Amino acid sequence: MELILTTEEQQLLLDILEQRHRELSKEISHTDRHEFKQALRKNEKLLESILSHLRRVPVQDLRG
């Protein structure tokens, strides 16, 4: 899959995902149910992977 974003779009997406990552970390620490905590941790790992990919992708600015 290819996704082309402007610099501004990429930064907004990163900001949103980083905020969700922080919220998810808090949610994990406040969760008591083992099965639910495992599911949240799985989502956290997936989100970390996506963030890692986004931070490495060069931005192609479509405005210019």
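None of the values given here were measured: they were computed from a predicted structure. (Residues numbered from 1 in each chain as written. Predicted model: local features only at pLDDT ≥ 70, side-chain atom pairs only at ≥ 80, totals over all residues. Heavy atoms only, no water.)

So, the pattern of salt bridges
Piece 1. Using the criterion set out here, one finds 4 salt bridges in the structure.
Piece 2. A salt bridge links Arg55 to Glu18; its shortest N-O distance comes to 2.8 Å. Taken together, the positions of Arg55 in helix H2 (residues 34-56) and Glu18 in helix H1 (residues 7-29) put the pair 37 residues apart, joining distant regions of the chain.
Piece 3. Looking at Glu18, the relative accessible area reads 23%, which means it is partly exposed.
Piece 4. Linked through salt bridges whose partners overlap, the residues forming this network are Arg20, Glu23 and Glu27. (Salt bridge = Lys/Arg side-chain N within 4 Å of Asp/Glu carboxyl O. Helix = DSSP H or I, 4+ residues; strand = E, 2+ residues; numbered from the N terminus. Buried < 20%, exposed > 50% of the residue type's maximum accessible area, 1.4 Å probe, protein only.)

With respect to H2
Piece 1. For H2, spanning 23 residues, the distance from its first C-alpha to its last is 33 Å, which sits close to the expected 33 Å at 1.5 Å a residue.
Piece 2. For H2, the full list of buried residues reads Lys37, Leu40, Glu44, Leu47, Leu51 and Leu54.
Piece 3. If you follow the buried residues of H2, they end up packed against H1. (Expected span 1.5 Å × (residues − 1). Contact = heavy atoms within 4.5 Å.)

Observations concerning H1
Piece 1. Its 23 residues place the ends of H1 33 Å apart at the C-alpha level, agreeing with the 33 Å of an ideal helix rising 1.5 Å per residue.
Piece 2. Every buried residue of H1 is listed here: Gln10, Leu14, Leu17, His21, Leu24 and Ile28.
Piece 3. Of the surrounding secondary structure, the elements contacted by the buried residues of H1 are H2.

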